Amino acid sequence: MADNANSLTVSIVTPDGQVYESKTPMLIVRTINGELGILPNHIPMIASLAIDEVRIKQQETDQEDDEIAVNGGFVEFSNNVATIVADSAERQNDIDVARAENARKRAESRIQEAQQKHDDAELARAQVALRRAVNRLHVAHR
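Calculation criteria
- Residues numbered from 1 in each chain as written.
- Predicted model: local features only at pLDDT ≥ 70, side-chain atom pairs only at ≥ 80, totals over all residues.
- Heavy atoms only, no water.
- UniProt positions renumbered as here; feature names shortened; annotations may be inferred.
- Helix = DSSP H or I, 4+ residues; strand = E, 2+ residues; numbered from the N terminus.
- Contact = heavy atoms within 4.5 Å.
- Areas by Shrake-Rupley, 256 points an atom, 1.4 Å probe, with all protein chains shown as cover.
- Lys, Arg positive; Asp, Glu negative; His and termini not counted.
- Charge placed at Lys NZ, Arg CZ, Asp CG, Glu CD.
- Patch = residues over 30% accessible without salt bridge, like charges linked within 9 Å, V, L, I, M, F, W, Y side chains within 5 Å.
- Salt bridge = Lys/Arg side-chain N within 4 Å of Asp/Glu carboxyl O.
- Buried < 20%, exposed > 50% of the residue type's maximum accessible area, 1.4 Å probe, protein only.
- 1 Å grid on protein atoms, 1.4 Å probe; cavity = no way out; pocket = protein on both sides within 12 Å on 5 of 7 lines; lining within 4 Å.
- Points joined across faces, edges and corners; volume = space filled by probe spheres on them.
- Nonpolar A, V, L, I, M, F, W, Y, C, P; charged D, E, K, R; others polar.

An unreviewed UniProt entry lists the chain under the name ATP synthase epsilon chain, from Lactiplantibacillus brownii. You can read under Subunit (unreviewed entry) in the UniProt record for the chain the words "F-type ATPases have 2 components, CF(1) - the catalytic core - and CF(0) - the membrane proton channel. CF(1) has five subunits: alpha(3), beta(3), gamma(1), delta(1), epsilon(1). CF(0) has three main subunits: a, b and c." UniProt, in its Sequence similarities (unreviewed entry) section for the chain, records the words "Belongs to the ATPase epsilon chain family."

Here it is, written out as structure tokens:
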């Protein structure tokens, strides 16, 4: 087991409850300002998350990283605890690929309709839906 000074605790929660909790030597998230790697003893911080994957490095180097599809939210880090509060989050193995593919197709169709109608508000919503579906597919296929 890793020493607490060389690891941090990651907790991912959504309105539906806790999705993930583990100790890790490194957490990688994409904020709205770019990618951020968090190591133990990082300075306290809070940042808004982009729609993207969260990667949690494993303690053992021969194990694959945990990957979670996160759809917005924020990360807060202090005292070697990273808490991610997300609108929604799915672990790689929990993603229904067929459902995500259907969501992608629906979003692409909504984008075309919104462009034809010149409906900027609907276009923006459809583009977010497309980013979410593509993110889920990306994480599922890693």
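A. Geometry of the overall build of the chain. The helix and strand inventory of the chain stands at two helices and 10 strands. When the helices and strands of the chain are read in sequence order from the N terminus, they spell out β-β-β-β-β-β-β-β-β-β-α-α. Along the longest, intermediate and shortest principal axes, the C-alpha atoms of the chain span 55 × 30 × 25 Å. Here the contacts in the chain between residues at least 6 apart in sequence split such that 53% fall between residues at least 24 apart. When the accessible surface of the chain is summed, it comes to about 8,200 Å², and 46% of that surface belongs to carbon and sulfur atoms. Positive and negative side-chain charges of the chain, numbering 16 and 23 respectively, have mean locations separated by a distance of 6 Å.

B. Quick look at a nonpolar patch on the surface. A cluster of nonpolar side chains, namely Ile46, Phe74 and Val85, defines an oily patch on the protein surface of about 250 Å² accessible area. Take Val85: it is sitting in strand S9 (residues 81–86). Residue classification places Val85 among the partly exposed residues on the basis of a relative accessible area of 31%.

C. Up close: the layout of surface pockets. Approximately 220 Å³ is the volume attributed to the largest pocket. Lining the largest pocket are Asn71, Ser88, Glu90, Arg99, Ala103, Arg106, Ala129, Arg132, Ala133 and Arg136. Put simply, the parts of the chain that give the lining of the largest pocket at least two residues each are helix H1 (97–117) and helix H2 (120–140). Considering every element that reaches the lining of the largest pocket, the biggest residue donor is H2, with four residues. Among the residues forming the lining of the largest pocket, the class breakdown is three nonpolar, two polar and five charged.

D. Representation of unusual backbone geometry. At Asn41, a residue that is not glycine, the phi angle is positive and equals roughly 70°. Within the secondary structure layout, Asn41 lies in the loop between strand S4 (34–38) and strand S5 (45–48). Despite not being glycine, His118 shows a phi value in the positive range, around 55°. Among the structural elements, His118 can be located in the loop between H1 and H2. By relative accessible area, which is 69% here, His118 ends up exposed.

E. Main features of the side chain of Arg55. Inspection of the secondary structure puts Arg55 in strand S6 (residues 51–56). Assessed through its relative accessible area of 18%, Arg55 is described here as buried. Residues within four places of Arg55 in sequence aside, it is in contact with Met26, Leu27, Ile28, Glu35, Asp66 and Glu67.

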